[in-house]
Amino acid sequence: MLLQANKLEIYVEARLLLKIDHLQIDNNDRIGLVGKNGTGKTTLLHTLAGKIKAETGEITRFTTTHLLPQLKEIDKTKSGGELTQRYIQEAFAEKSSILFVDEPTTNLDTKHIEWVEKTLKHWENSFVLVSHDRTILNHLCTKIWEIDNETIKEYKGNYQQYRYQKNLEHQHHVMEYEKYQKKKQQLEDAIVKKSEKAERATKKPKGVSQSEASITGAKPYFAKKQKKLQQTARSIETRLEQLDKVEKPFEHAPIKMDLPDIKKQVNKPIIRAEDQEIWIGSIKLLHKTNFLIKGGEKIAIVGPNGCGKTTLLKEMIRDNSRFKLSPMVKFGYFSQDLSILKLEKTILQNMKDSSNQEESLIRTVLARLHFFNEDVHKEVQVLSGGERVKVLLAKIFLSDCNVLILDEPTNFLDTEAVEALEDLLKGYEGTIIFVSHDRQFVKNIATRIFSIENKTLSIVNNGEDDVKETLPSATEEQKLILETKITECLGRMSLEPTSELEKEFQQLLIEKKKLE
């Protein structure tokens, strides 16, 4: 055991954020911490690392810890990827037994995300990782901590295994609800039957006169029978009241949107590029390229930061675009520009401003993104940043368009919101063209992938045989091990420089150069 926490209560101002009976981190634990935005993931990391004190409870640390916070520092001379690399290398140099890592891949391109993943894979001690990148959680984690309803539940395995266990829990919930409904109906039917029998018991028997009934004592007999039936009915009512209530599990309502000219577009060419180049001023981003997009396709555009992905999207939708577009194309563009939301209006009013869909369908889409019932009447100005992004996504999704253009739609969304968005996009009958560094999101949504690298666009179909997850080669593994050793050596040299360490450092550099 490296750390244990007991009877923790963590507050933000006067609001209870987390109430945890017991948490434990053992040697070689690789824990993924998941939960909706605002549930306290970052606060918990800071508390376990000793940066924040819990209101009640006790945390015992039997070893050293290091917190790798979300990237806050701004350095105009370095990219986000370079800064993240530096932060991680500094953390590795300390060699703490527990590493607390908070969203290390935010705003990084795929190349740097994969570097983060490979580096953490070689971390020899325990870590607790907060990340919205499900691929990293799958590849690295052996446990998942889920924050829900102000507490934590632990699941064995990686993120995929956690989702499988959650699905089993949902199925069990459905079965328990069906059993509860069946038993409840049986008891309600029995009450009705007993009450009806009790009502009939007041009537005299057929073929018996009133005087005969009086003489034979029929009235007292039926009054006694009625009382017994009423007692039985009350007894059943008590059983009904004592029945453990099972809430109805949440089920997705079907979504069938009325999209303009959608039937005329399916499998028909709608966007064509012929010898198309992409420039920003005098800088060429993309050599001459040719491609064709058909109605109903889901196209992912991937590549390193700065390669021209967003510029390509903007070129498609701008007035007088050099792309050849079908006259039936109607674009809906998502670009993280929250200014198009009216802050003083409610979520529902913002939807209705730009949508021709029925209110029932609007509410169904909002419910998919976890805006339930009265939530839709909240003003946008009271929402968190992540919630506003979801509202904007819903607004674009429901607008009068048939081609969705989405630029990094999963930024600032928690894993639950990303999976909800995936469900919406999978069922969308129109065309989707999106930029994303979320490898799992691309894998789940795209039918084809446009990859930009070295100013060249290449196209592959998204299938198991066509697109493989990027795994390090043997040489890359050796380079990563060497880079880790170099970082550790630099850390030791900064504390106590010696000639032996200098020789070791130079030898490591020579080995790295040979591999390169």
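The numbering scheme is per chain: residues are counted from 1 as the chain's sequence reads. Under the rules for a predicted model, residues below a pLDDT of 70 receive no local features and side-chain atom pairs below 80 are neither given nor counted, while totals for whole chains, interfaces and linings still include all residues. Heavy atoms from the whole structure form the basis of all side-chain values; hydrogens and water molecules are not counted.

Asker: Give me the lowdown on the overall build of the protein, citing residues and values where you can.
Answerer: Regarding its fold elements, the protein presents 16 helices and 18 strands. When accessible area is computed with a 1.4 Å probe and restricted to protein chains, residues below 20% of their type maximum are described as buried, those above 50% as exposed, and intermediate ones as partly exposed. For the protein, buried positions account for 43% of its 516 residues. Contact criterion: two residues are considered in contact whenever any of their non-hydrogen atoms come within 4.5 Å of each other. Counted over contacts in the protein with a minimum sequence separation of 6, partners at least 24 positions apart contribute 69%. Note on areas: Shrake-Rupley with a 1.4 Å probe; residue coverage comes only from the protein chains shown. As displayed, the protein offers around 28100 Å² of accessible surface, 49% of which is attributable to carbon and sulfur atoms. Secondary structure elements follow DSSP: runs of H or I of four or more residues count as helices, runs of E of two or more count as strands, with numbering from the N terminus.

Asker: Outline the environment of leucine 508, listing residues and values.
Answerer: As for its placement among the helices and strands, leucine 508 is situated in helix H16 (residues 499-515). When the C-alpha positions of leucine 508 and lysine 485 are compared, they lie 7.7 Å apart, and in sequence the two are 23 residues distant.

Asker: Could you give an account of the pattern of salt bridges, with specific residues and numbers?
Answerer: Any Lys or Arg side-chain nitrogen located within 4 Å of an Asp or Glu carboxyl oxygen qualifies as a salt bridge. If you walk through the whole model with that rule in mind, you get 29 salt bridges. Of the charged contacts in the structure, one is a salt bridge between arginine 86 and glutamate 90, with a shortest N-O distance of 3.4 Å. Placement of the pair is arginine 86 and glutamate 90 together in helix H2 (residues 80-94), with a separation of four residues, close to one helical turn. Of the residues examined, glutamate 90 reaches a relative accessible area of 43% and is grouped as partly exposed. Where salt bridges share partners, they join Arg134, Arg163, Glu419, Glu422 and Asp438 into one cluster.

Asker: Tell me about the packing of H2 against helix H3 (residues 110-121), residues and numbers included.
Answerer: Closest axis-to-axis distance for the H2/H3 pair is 10 Å, and the angle between their directions is 10°. With respect to H3, the element H2 is oriented roughly parallel. Residues Gly81, Glu82, Thr84, Gln85, Ile88, Gln89 and Phe92 of H2 form the contact with H3, whose own contacting residues are His112, Trp115, Val116, Thr119 and Leu120. Following the grouping adopted for this structure description, the nonpolar residues are Ala, Val, Leu, Ile, Met, Phe, Trp, Tyr, Cys and Pro, the charged ones are Asp, Glu, Lys and Arg, and the polar ones are all others, Gly among them. When the residues that make up the contact of H2 with H3 are grouped by side-chain class, the tally is five nonpolar, six polar and one charged. For every element, the axis is a line fit to its C-alpha atoms; helices are fit only across the contacting stretch, and the angle between N-to-C directions ranges from 0 to 180 degrees. Relative orientations are named as follows: roughly parallel for angles under 35 degrees, roughly antiparallel for angles over 145 degrees, roughly perpendicular for angles from 65 to 115 degrees, and oblique for any other angle.

Asker: Got a sec to walk through the sheet that holds strand E11 (residues 283-294)? Specific residues and values, please.
Answerer: The three strands lie next to each other as E11-E10-E13, forming an open sheet whose pairing is antiparallel. Each edge of the open sheet carries a strand with a single partner, namely E11 and strand E13 (324-325). As defined by bridge partners, strand E10 (residues 269-280) adjoins E13 across two bridges and the pair is classed as antiparallel. Within E13, the position partnered with isoleucine 271 by the bridge is leucine 325. In this scheme, strands are said to pair when DSSP sees at least two bridges between them.

Asker: Lay out the packing of helix H11 (residues 359-368) against helix H12 (residues 385-398) with the relevant residues and their values.
Answerer: To describe two helices that pack against each other, one gives the angle between their axes and the distance between the axes. Look at H11 against H12: their axes get within 10 Å of each other, and the N-to-C directions meet at 140°. Our classification of the angle between H11 and H12 gives oblique. Between H11 and H12 lies a crossing of right-handed hand. Residues Leu361, Ile362, Val365 and Leu366 of H11 pack against Ala394, Phe397 and Leu398 of H12. Helix crossings are classified by the rotation of the near helix relative to the far one: an anticlockwise turn of less than a right angle makes the crossing left-handed, while a clockwise turn makes it right-handed.

Asker: An account of the nonpolar core is requested, with residue identities and associated values reported.
Answerer: Working definition of a nonpolar core: buried Ala, Val, Leu, Ile, Met, Phe, Trp, Tyr and Cys residues. They are joined through side-chain atoms within 4.5 Å. Leu366, Phe397, Leu398, Leu404, Leu425, Tyr428 and Phe434 are the most contacted members of the largest nonpolar core, which has 45 residues in total. Of all elements in the fold, only strand E12 (298-302), helix H10 (347-354), H11, H12, strand E15 (403-407), helix H13 (415-426), strand E16 (431-435) and helix H14 (439-445) reach the threshold of two or more residues within this core. Per-element tally for this core: the top contributor is H12, with eight residues. Within the second largest apolar cluster, 25 residues are counted, among which are Ile20, Leu23, Phe100 and Val130.

Asker: Give me unusual backbone geometry: which residues, what numbers.
Answerer: Outside of glycine, negative phi angles account for most residues, and trans bonds account for most peptide bonds. Even without a glycine there, the phi angle at glutamate 150 is positive, about 70°. Here glutamate 150 lies in the loop between strand E8 (143-148) and strand E9 (151-156). Phi at asparagine 267 is positive, roughly 65°, even though this residue is not glycine. Assignment of secondary structure puts asparagine 267 in the loop between helix H8 (262-265) and E10. Assessed through its relative accessible area of 58%, asparagine 267 is described here as exposed.

Asker: Hey, could you go over helix H1 (residues 41-48) for me, with residue numbers and the actual values?
Answerer: Among all positions in H1, only Lys41, Leu44, Leu45, Thr47 and Leu48 are buried. Down the axis of H1, the sector holding all buried residues measures 165°, keeping them to one side. Backbone geometry just after H1 places glycine 50 at a positive phi near 85°. Note: the arc covers the axis-to-C-beta directions of the helix.

Asker: Please set out the confidence of the model for the protein residue by residue, giving values where relevant.
Answerer: What pLDDT expresses is the predictor's confidence in each residue, scored from 0 to 100. In the predicted model, the protein carries a mean pLDDT of 87, and 88% of its residues have values of at least 70. Across residues 464-474 the pLDDT falls below 50, and counting only partners more than four positions away or on other chains, this stretch makes twelve contacts in the model.

Asker: Which residues make up the packing of aromatic side chains, and what values go with them?
Answerer: Aromatic rings from Phe, Tyr and Trp, taking only the six-membered ring of Trp, are treated as a pair when their centres fall within 6.5 Å; an angle between ring planes under 30 degrees marks them as stacked, one over 60 as edge-to-face, and anything in between as tilted. Inspection of the entire model under this criterion finds seven aromatic pairs. Note on phenylalanine 92 and tryptophan 123: the rings are 4.8 Å apart at their centroids and 55° apart in plane angle, and the pair reads as tilted. Taken together, the positions of phenylalanine 92 in helix H2 and tryptophan 123 in the loop between H3 and strand E7 (126-130) put the pair 31 residues apart, joining distant regions of the chain. A relative accessible area of 4% places phenylalanine 92 in the buried class. A residue is classified by how much of its surface remains accessible, and tryptophan 123, at 5% relative accessible area, is buried. When the ring of phenylalanine 291 is compared with that of phenylalanine 450, the centres are 5.0 Å apart and the planes differ by 55°; the resulting orientation is tilted. In this pair, phenylalanine 291 is assigned in strand E11 and phenylalanine 450 in strand E17 (residues 448-453), connecting sequence segments 159 residues apart. Comparing phenylalanine 291 with phenylalanine 450, the two get one shared label, buried.

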